[in-house]
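An overview of the molecular structure
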Amino acid sequence: MSNDWRTARLTAPDAALCAYAEKLTRHPAEMREADVITLREHGFDDVAIHDAVQVIAYFNYINRVADATHVDLEEEMDPYPS
């Protein structure tokens, strides 16, 4: 098991998707058409990219809601992952 997608044994498409998700999460204003083109080059079609954006955005939203309302984490969850 890996706690970081960069050290996990991922396929190239999965790693590209993780890189996209991380960038969208950490630096949304820096997203460019090139980011979508990279996903297409790894075999993702526009429907899959749209679905990914929806899931990534939803988790970012719900995590911010949980942070703002101080939702208690489950015991096994690390509150400050690296």
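Heads up: these notes are all about the structure in this document. All of these numbers come straight from a predicted model, not from anything done at the bench. (Residues numbered from 1 in each chain as written. Predicted model: local features only at pLDDT ≥ 70, side-chain atom pairs only at ≥ 80, totals over all residues. Heavy atoms only, no water.)

1. Things to note about the environment of histidine 50
Mapping histidine 50 onto the fold places it in helix 3 (residues 46-68). Placed 26 residues apart in sequence, histidine 50 and leucine 24 show a C-alpha to C-alpha distance of 13 Å. (Helix = DSSP H or I, 4+ residues; strand = E, 2+ residues; numbered from the N terminus.)

2. Focus: the packing of aromatic side chains
By convention here, two paired aromatic rings are described through the distance between centres and the angle between planes. This model, assessed by the stated rule, comprises one aromatic pair. Taking 5.7 Å as the distance between ring centres and 85° as the angle between the ring planes, the aromatic pair formed by tyrosine 58 and phenylalanine 59 counts as edge-to-face. (Phe/Tyr/Trp six-rings, centres within 6.5 Å; stacked < 30°, edge-to-face > 60°.)

3. As for a nonpolar patch on the surface
A surface patch of nonpolar side chains, about 570 Å² in accessible area, is lined by Val55, Tyr58, Phe59, Tyr61, Ile62 and Val65. Relative to the elements of secondary structure, tyrosine 58 occurs in helix 3. (Patch = residues over 30% accessible without salt bridge, like charges linked within 9 Å, V, L, I, M, F, W, Y side chains within 5 Å. Areas by Shrake-Rupley, 256 points an atom, 1.4 Å probe, with all protein chains shown as cover. Salt bridge = Lys/Arg side-chain N within 4 Å of Asp/Glu carboxyl O.)

4. Focus on the packing of helix 1 (residues 12-26) against helix 2 (residues 33-41)
At a minimum axis separation of 9 Å, helix 1 and helix 2 run at an interaxial angle of 160°. Between helix 1 and helix 2, the interaxial angle falls into the category roughly antiparallel. At the point where helix 1 passes helix 2, the crossing takes the left-handed sense. The residues of helix 2 that touch helix 1, namely those facing Ala16, Leu17, Tyr20 and Lys23, are Asp35, Val36 and Leu39. Here the contact of helix 1 with helix 2 is built from residues that sort into five nonpolar, no polar and two charged. (Axes fitted to C-alpha atoms, helices over the stretch in contact; angles between N-to-C directions. Parallel < 35°, antiparallel > 145°, perpendicular 65-115°, else oblique. Left-handed = near helix turned anticlockwise from the far one by under 90°. Contact = heavy atoms within 4.5 Å. Nonpolar A, V, L, I, M, F, W, Y, C, P; charged D, E, K, R; others polar.)

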